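What follows is the residue order along each chain.
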Amino acid sequence: MVVKRRYESARRQEQARQTRRAILAAAAKLFVEPGYAATPLTAVAAEAGVAVQTVYAVFGSKRQLLSQMVDVTIAGDDDPVALPDRAFVAEIAALPDPRAKLARYARHLSATNARVADVIIALAGAASADPDAAEIWRKHTDERRHGMGRFAAELAATGELRPDHDVESAADVLWLAMDIRNYDWLVRRRGWSPQRYERWYVDTVAAAILRP
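Conventions used here
Residues numbered from 1 in each chain as written. Predicted model: local features only at pLDDT ≥ 70, side-chain atom pairs only at ≥ 80, totals over all residues. Heavy atoms only, no water. Helix = DSSP H or I, 4+ residues; strand = E, 2+ residues; numbered from the N terminus. Contact = heavy atoms within 4.5 Å. Areas by Shrake-Rupley, 256 points an atom, 1.4 Å probe, with all protein chains shown as cover. Lys, Arg positive; Asp, Glu negative; His and termini not counted. Charge placed at Lys NZ, Arg CZ, Asp CG, Glu CD. Phe/Tyr/Trp six-rings, centres within 6.5 Å; stacked < 30°, edge-to-face > 60°. Lys NZ or Arg CZ within 6 Å of the ring centre and 35° of its normal. Axes fitted to C-alpha atoms, helices over the stretch in contact; angles between N-to-C directions. Parallel < 35°, antiparallel > 145°, perpendicular 65-115°, else oblique. Left-handed = near helix turned anticlockwise from the far one by under 90°. Nonpolar A, V, L, I, M, F, W, Y, C, P; charged D, E, K, R; others polar. Salt bridge = Lys/Arg side-chain N within 4 Å of Asp/Glu carboxyl O. Buried < 20%, exposed > 50% of the residue type's maximum accessible area, 1.4 Å probe, protein only. Expected span 1.5 Å × (residues − 1). Bend = angle between axes of the 7 residues up to and from the residue. Polar contact = N/O pair within 3.5 Å; in protein donor to acceptor, adjacent residues only side chain to side chain.

(A) Seen up close, the overall build of the chain. Counting secondary structure elements, the chain contains 10 helices and 0 strands. Taken from the N to the C terminus, the helices and strands of the chain come in the order α-α-α-α-α-α-α-α-α-α. Here the C-alpha coordinates of the chain stretch approximately 65 × 45 × 30 Å along the principal axes. Partitioning the contacts of the chain with sequence separation of at least 6, the portion at a separation of at least 24 is 66%. Accessible area for the chain stands at about 11,600 Å²; split by element, carbon and sulfur atoms hold 55% of it. Distance between charge centroids for the chain: 5 Å, based on 30 positive and 27 negative side chains.

(B) Geometry of the packing of aromatic side chains. Tallying each qualifying case throughout the model produces 5 aromatic pairs. Grouping aromatic residues by their ring pairs yields a cluster made of Tyr105, Phe151 and Tyr201. The ring of tryptophan 185 carries arginine 189 above its face, with NZ or CZ at 4.5 Å from the centroid.

(C) A look at the packing of helix 6 (residues 98-127) against helix 10 (residues 194-209). In contact at an axis separation of 9 Å, helix 6 and helix 10 are set at 135° when each is read in the N-to-C sense. By the angle class used here, helix 6 and helix 10 are oblique. In terms of crossing hand, the pair formed by helix 6 and helix 10 is right-handed. Only Pro194, Tyr197, Glu198, Tyr201, Val202, Asp203, Val205 and Ala206 of helix 10 make contact with helix 6, whose side of the interface consists of Arg99, Leu102, Ala103, Tyr105, Ala106, Arg107, Leu109, Ser110 and Asn113. Here the residues of the contact of helix 6 with helix 10 are counted per class, giving 11 nonpolar, 2 polar and 4 charged.

(D) Layout of the pattern of salt bridges. Evaluation of the coordinates by the stated rule reveals 15 salt bridges. Residue arginine 63 is joined to glutamate 135 by a salt bridge in which the shortest nitrogen-to-oxygen separation is 2.9 Å. In this pair, arginine 63 sits in helix 4 (residues 62-75) while glutamate 135 sits in helix 7 (residues 131-156), placing the two residues 72 residues apart along the sequence. According to the relative accessible area criterion, arginine 63 is partly exposed, its value standing at 22%. Assessed through its relative accessible area of 38%, glutamate 135 is described here as partly exposed. Residues aspartate 203 and arginine 99 are paired through a salt bridge, measuring 3.0 Å at the closest nitrogen-oxygen approach. Of this pair, aspartate 203 sits in helix 10 while arginine 99 sits in helix 6, and the two are 104 residues apart along the sequence. Judged by its relative accessible area of 40%, arginine 99 is partly exposed. Linked by salt bridges that have partners in common, Asp118, Asp184, Arg188 and Arg189 make up one network.

(E) Up close: helix 6. With 30 residues, helix 6 extends just 35 Å between its outermost C-alpha atoms, more than 12% less than the 44 Å of an ideal straight helix rising 1.5 Å per residue. The sharpest bend along helix 6 reaches about 65° and sits at valine 116. Where helix 6 begins, the capping side chain belongs to aspartate 97, and its oxygen is found 3.1 Å from the backbone nitrogen of arginine 99.

(F) Structural view of the environment of arginine 104. Note on placement: arginine 104 falls in helix 6. On the basis of relative accessible area, arginine 104 is assigned to the buried category, the value being 15%. C-alpha separation for the pair arginine 104 and alanine 93, spaced 11 residues apart in sequence, amounts to 10.0 Å. Once you skip the residues sitting within four places of it in the chain, arginine 104 turns out to touch Phe88, Glu91, Ile92 and Leu95.

This is the structure in structure tokens:
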């Protein structure tokens, strides 16, 4: 009987996870088009194939659904692993050369931007008119700046920052260079390959903050 109860519990947990994923996927689709403000939770529920009460039970509110949808889209999965603890961060830390660190991050950034561009650009647009979206946009930009602060400190530890930069100003440059709109303009609008975008990122950031 204990084994049966454990099996049933695991099955319920997996069903709950699948329901959550379906709702997040529906939100990712509908919050982009027709948009966050124009999408009621009843529409999200219909797209996900669940009752609207289920959406409220899982996420609590439309704002919380948006916040978690953005987080999952950026991470690429719903595993409970914070971005600083992801494998690519350890790989960057293990590289001794600052340009190599930038190149490894560029590959991660390019892959992430390809996945999140529609969602993040839609969020930025929604933030201009919706207070909840504006709060989540600020959270997103603040987290990006905090992450680039850690990356700048790691680059500074190599001793290769230009003398006119410190950790804070280097983080500002990294924060600007990672902006999704750079990827949107260069790759999605101008037709650059991801590889060319990655080279641009490395060359631009290295020229701005690293010693020649």
